[in-house]
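Listed below, chain by chain, are the residues.
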Amino acid sequence: AQSVTQLDSQVPVFEEAPVELRCNYSSSVSVYLFWYVQYPNQGLQLLLKYLSGSTLVESINGFEAEFNKSQTSFHLRKPSVHISDTAEYFCAVSEKGYSTLTFGKGTMLLVSP
Amino acid sequence: DTEVTQTPKHLVMGMTNKKSLKCEQHMGHRAMYWYKQKAKKPPELMFVYSYEKLSINESVPSRFSPECPNSSLLNLHLHALQPEDSALYLCASSQDGQGDTTDTQYFGPGTRLTVL
């Protein structure tokens, strides 16, 4: 069975600073990896995903994540954050052939002026 | 269009009430999911429907009863709930539930349920 670890429950950062949200997974088979964002009192929005091909994936709002198979990681990065990026970020994994997602516990990104 | 809609947005019910949550998608997806999310926690999978058939039931109490009338609609019928069932209930859909590269889950905005 797969598992996902998000070690940081909260990451405080100042506006325009860079940020990295860490995600590590464990699985014995090939996986797909996802980052979802949840703004206060809203549902989950897909931010980006790794399915195959290039290990660096990007979102339309400046986030990127890199799949590192040897380190079993899928860390999320943004070079300059905005106040509006304040939200809960969930890393999730699914195993090829199975649709169910395993979520990490989430990381709250708190951006202050 | 990757929109999943859920109604109502908020629901307050007593422990003796019967109510239903509704979810709809028009992306042609054939798999739909119900999740329960408590505050400050990740979503927990409750049920999965694939091609209108219940394929996964994560040992959910019988006071929660899912229904998939057609490929676009998913209901969750609620009866005799407990206060600890208060949570955000999220619906999601994906291509077909077969777990290939097209099977990304897209979530709705959720229904905030409070049980008094």
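Structure first, text after, so check above.
First things first, this report covers the structure right here in the doc. Treat the numbers as computed from the prediction; the structure is a model and nothing was measured.

## Considering the overall build of chain B
Thought 1: Looking only at helices and strands, one finds zero helices and eleven strands in chain B.
Thought 2: Counting from the amino terminus, chain B carries its helices and strands in the arrangement β-β-β-β-β-β-β-β-β-β-β.
Thought 3: Looking at chain B residue by residue over its 116 residues, the buried ones come to 48%.
Thought 4: Taking as baseline every contact in chain B between residues at least 6 positions apart, the subset at least 24 positions apart corresponds to 56%.
Thought 5: Taking the average location of the 12 positive side-chain charges in chain B and that of its 12 negative ones, the two points are 11 Å from each other.

## Concerning the interface of chain B and chain A
Thought 1: At the junction of the two partners, chain B supplies 23 residues and chain A supplies 22 residues.
Thought 2: For the pair chain B and chain A, the number of links is zero salt bridges.
Thought 3: If you list the elements that add at least two residues to the side of chain B that touches chain A, you get β4 (31-37), β9 (87-94) and β10 (106-107) of chain B.
Thought 4: Here the element with the most residues in the side of chain B that touches chain A is β4 of chain B; it accounts for three residues.
Thought 5: Here the residues of the side of chain B that touches chain A sort into eleven nonpolar, eight polar and four charged.

## Side note on unusual backbone geometry
Residues and elements named next belong to chain B.
Thought 1: The amide bond that connects Thr7 to the next residue, Pro8, takes the cis arrangement and shows omega of -10 degrees.
Thought 2: Tracing the backbone through its elements, the reader meets Pro8 in the loop between β1 (4-7) and β2 (10-13).
Thought 3: The phi angle at Lys40 is positive, at roughly 65 degrees, despite the residue not being glycine.
Thought 4: Looking at the secondary structure, you find Lys40 in the loop between β4 and β5 (44-50).
Thought 5: Accessibility expressed as a relative area gives 73% for Lys40, which makes it exposed.

## A look at the nonpolar core
Thought 1: Counting 28 residues, the largest nonpolar core has Trp35, Leu48, Phe74, Leu76 and Tyr89 of chain A as the members making the most contacts within it.
Thought 2: Put simply, the parts of the chain that give this core at least two residues each are β2 (10-14), β3 (19-21), β5 (31-38), β6 (44-50), β8 (64-68), β9 (73-78), β10 (87-95) and β12 (107-112) of chain A.
Thought 3: Once residues lying within four places of it in the same chain are set aside, the contact partners of Leu76 of chain A are Val19, Glu20, Leu21, Trp35, Leu47, Leu48, Phe63, Glu64, Ala65 and Tyr89 of chain A.
Thought 4: In terms of nonpolar packing, the next biggest core, distinct from the first, is built from 24 residues, Met13, Met32, Phe47 and Val115 of chain B among them.

## What about the side chain of Gln6 of chain A?
All names here are of chain A.
Thought 1: Along the chain, the position of Gln6 falls in the loop between β1 (3-5) and β2.
Thought 2: A distance of 3.0 Å separates the side chain of Gln6 from the backbone oxygen of Tyr89, its partner in a polar contact.
Thought 3: Sequence-distant contacts of Gln6, defined by excluding residues within four places in its chain, comprise Arg22, Trp35, Tyr89, Phe90, Cys91, Gly104, Lys105, Gly106 and Thr107.

## Topic: the environment of Ser93 of chain B
All names here are of chain B.
Thought 1: In this fold, Ser93 is placed in strand β9.
Thought 2: For the pair formed by Ser93 and Gln37, sequence separation is 56 residues and the distance between their alpha carbons is 16 Å.
Thought 3: Ignoring sequence-local partners within four residues, the contact set of Ser93 consists of Val4, Gln25, Met27, His29, Ala31, Met32, Tyr33, Thr104, Gln105 and Tyr106.

## Things to note about the state of the cysteines
Thought 1: Across all of its chains, the model carries two disulfides over all chains by this definition.
Thought 2: Between the sulfur of Cys23 of chain A and that of Cys91 of chain A lies a disulfide, 1.9 Å long from S to S. Taking the torsion about the S-S bond as the criterion, the Cys23 of chain A to Cys91 of chain A disulfide, at about -65 degrees, is left-handed. Taken together, the residues Cys23 of chain A in the loop between β3 and β4 (24-26) and Cys91 of chain A in strand β10 connect sequence positions 68 residues apart. The same class applies to Cys23 of chain A as to Cys91 of chain A, namely buried.
Thought 3: Each sulfur of the disulfide joining Cys23 of chain B and Cys91 of chain B lies 1.9 Å from the other. Looking down the S-S bond of the Cys23 of chain B and Cys91 of chain B bridge, the torsion is -70 degrees, so its handedness is left-handed. With Cys23 of chain B in strand β3 (residues 18-25) and Cys91 of chain B in strand β9, this pair connects stretches of sequence that are 68 residues apart.
Thought 4: Its relative accessible area of 1% is what places Cys23 of chain B among the buried residues.

Rules of the game
- Residues numbered from 1 in each chain as written.
- Chains lettered and ligands numbered in written order.
- Predicted model: local features only at pLDDT ≥ 70, side-chain atom pairs only at ≥ 80, totals over all residues.
- Heavy atoms only, no water.
- Helix = DSSP H or I, 4+ residues; strand = E, 2+ residues; numbered from the N terminus.
- Buried < 20%, exposed > 50% of the residue type's maximum accessible area, 1.4 Å probe, protein only.
- Contact = heavy atoms within 4.5 Å.
- Lys, Arg positive; Asp, Glu negative; His and termini not counted.
- Charge placed at Lys NZ, Arg CZ, Asp CG, Glu CD.
- Salt bridge = Lys/Arg side-chain N within 4 Å of Asp/Glu carboxyl O.
- Nonpolar A, V, L, I, M, F, W, Y, C, P; charged D, E, K, R; others polar.
- Core = buried A, V, L, I, M, F, W, Y, C linked by side-chain atoms within 4.5 Å.
- Polar contact = N/O pair within 3.5 Å; in protein donor to acceptor, adjacent residues only side chain to side chain.
- Disulfide = S-S within 2.5 Å.

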